[in-house]
Amino acid sequence: MITWLRRTCHGLVDLVFPLHCAGCGRTGTGLCDDCGGALGGLRRVARPLLAAGPPVYALGRYAGAARRAVLAYKENGQRHLAEPFGRLLASASRGVAELHGWRTDRPWAVVPAPSRAIASRRRGGAHMARVACSMAESQEPRAEVADCLVTGAGARDSAGLDAAERVRNLSGGVVVRTGSLPAQAARIVLIDDVITTGATVASSLAALGSRGVEVDVVLSLTATAGRGEQVSPAAPNGRRNSARGRTVPRV
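Residues numbered from 1 in each chain as written. Predicted model: local features only at pLDDT ≥ 70, side-chain atom pairs only at ≥ 80, totals over all residues. Heavy atoms only, no water.

What follows covers unusual backbone geometry. With omega at -5 degrees, the peptide bond leading from Glu140 into Pro141 counts as cis. Within the fold, Pro141 resides in the loop between helix H6 (127-138) and strand S4 (144-145). (Helix = DSSP H or I, 4+ residues; strand = E, 2+ residues; numbered from the N terminus.)

Right, let's talk about the pairing of strand S3 (residues 108-112) for a bit. Across the five residues that make up S3, a large majority, five, are buried. Because side chains alternate across S3, one face comprises the buried residues Trp108, Val110 and Pro112, and the other comprises Ala109 and Val111, equally buried. Bridge analysis of S3 against strand S7 (residues 187-195) gives five bridges, and the strand direction is parallel. Counted as the bridge partner of Val111 is Leu190 from S7. Note that S3 and S4 share two bridges and pair parallel. Among the inter-strand pairings, Val110 is bridged to a residue of S4, identified as Val145. (Buried < 20%, exposed > 50% of the residue type's maximum accessible area, 1.4 Å probe, protein only. Pairing = 2+ DSSP bridges.)

For the rest of this paragraph, the subject is the packing of helix H4 (residues 82-100) against H6. In contact at an axis separation of 7 Å, H4 and H6 are set at 55 degrees when each is read in the N-to-C sense. Classified by the interaxial angle, the pair formed by H4 and H6 is oblique. Pair H4 / H6 crosses with right-handed handedness. Seen from H4, the contacting residues are Ala82, Glu83, Phe85, Gly86, Arg87, Leu89, Ala90, Ser93 and Arg94; seen from H6, they are Arg130, Val131, Ser134, Met135 and Ser138. Grouping the constituent residues of the contact of H4 with H6 by class yields six nonpolar, four polar and four charged. (Axes fitted to C-alpha atoms, helices over the stretch in contact; angles between N-to-C directions. Parallel < 35°, antiparallel > 145°, perpendicular 65-115°, else oblique. Left-handed = near helix turned anticlockwise from the far one by under 90°. Contact = heavy atoms within 4.5 Å. Nonpolar A, V, L, I, M, F, W, Y, C, P; charged D, E, K, R; others polar.)

Another aspect to go through is the pattern of salt bridges. In total, this model carries seven salt bridges according to the counting rule given. For Arg177, the salt bridge identified is with Asp147, shortest N-O distance 3.6 Å. Of this pair, Arg177 sits in the loop between strand S6 (174-176) and S7 while Asp147 sits in the loop between S4 and strand S5 (149-151); the two residues are 30 residues apart in sequence, bridging distant segments of the chain. For Arg177, a relative accessible area of 37% puts it in the partly exposed group. (Salt bridge = Lys/Arg side-chain N within 4 Å of Asp/Glu carboxyl O.)

The next subject is the nonpolar core. Membership of the largest hydrophobic core comes to 39 residues, with the highest contact counts inside it found for Phe85, Ile191 and Leu219. Every element with two or more residues in this core is listed here: strand S2 (56-61), helix H3 (64-74), H4, S3, H6, S7 and strand S8 (217-223). Setting aside chain neighbours within four positions, we find Ile191 in contact with Leu89, Val110, Val111, Pro112, Ala113, Met128, Val131, Ala132, Met135 and Leu219. In terms of nonpolar packing, the next biggest core, distinct from the first, is built from 23 residues, Val45, Val111, Leu205 and Val215 among them. (Core = buried A, V, L, I, M, F, W, Y, C linked by side-chain atoms within 4.5 Å.)

Once that is clear, we can look at H4. Taking 1.5 Å per residue, 19 residues should reach 27 Å; H4 reaches 27 Å between its end C-alpha atoms and fits that length. Count one or two residues on from H4 and you reach Gly101, which has phi positive near 70 degrees. (Expected span 1.5 Å × (residues − 1).)

Glancing now at the sheet that holds S7. Overall, mixed pairing links the six strands, which are arranged S1-S2-S8-S7-S3-S4 in an open sheet. On the outer flanks of this sheet lie strand S1 (43-44) and S4, each paired with one strand and no other. Packed on one face of the sheet, H4 meets S2, S3, S7 and S8 and runs near 130 degrees to S8. Here H6 sits on the sheet in contact with S3, S4, S7 and S8, set at roughly 135 degrees to S7.

On to the packing of aromatic side chains, then. Counted according to the given criterion, the structure contains two aromatic pairs. With a centroid separation of 5.7 Å and an interplanar angle of 90 degrees, the aromatic rings of Tyr73 and Phe85 are classed as edge-to-face. A residue pair is termed long-range when its members are at least 10 positions apart, and Tyr73 in helix H3 and Phe85 in helix H4 qualify at 12 residues. Taking relative accessible area as the criterion, Phe85 reaches 0% and is therefore assigned buried. Taking the centre distance of 6.1 Å and the plane angle of 55 degrees together, the rings of Trp102 and Trp108 count as tilted. Taking the relative accessible area as the measure of exposure, Trp102 reaches 19% and is therefore buried. For Trp108, a relative accessible area of 12% puts it in the buried group. (Phe/Tyr/Trp six-rings, centres within 6.5 Å; stacked < 30°, edge-to-face > 60°.)

Have a look at this one:
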């Protein structure tokens, strides 16, 4: 009954305010297949700050349609994008498990990267927490959401900061809520929307590590251009990342 009512309400809203693709503006969908394809890869990300941590992957380059879609969700209030973003990340997690030969019967726990409190209020809530919920619902079996990271009051907006400034800005600024920690038996994935220098991810990993929580993999929707390493898996959904073979493009 609740599902039917939700679909009916969504249908009425679409009649009055038709959806437009966040990537290209095409009507009738929040994220069309073409623009969703810009987030359909599995790219290994390498950053100096993350060299000693778990493997880090991005679904797409922070450019073009992928960048427009992330900004539409993050800054322009298009919250419906949490659902397709979550599905894409869930698909990516399956690709990563295949790549690393991980057991498929081990449960997953999804930890969203933290947002500053002021940004969360402006966006109507922590934006990656919504994506984490969608991702967890798309996992088989359904994953746990461990929304255990928060950004301290002293951290400021990282836009415009270089790598060293981002590290100083977040040093000690990511705090763990112990009551929301993931289950110890779970395979833990930390998710984010954009990786630039890797400062947010590095600070999150350090905060989790201080509580004995070991992250297995980091998945981000996008990453800025940077030198990375090449690996050789199939991409999520069985897609190839390169016309020349099974090579994952560098980010």
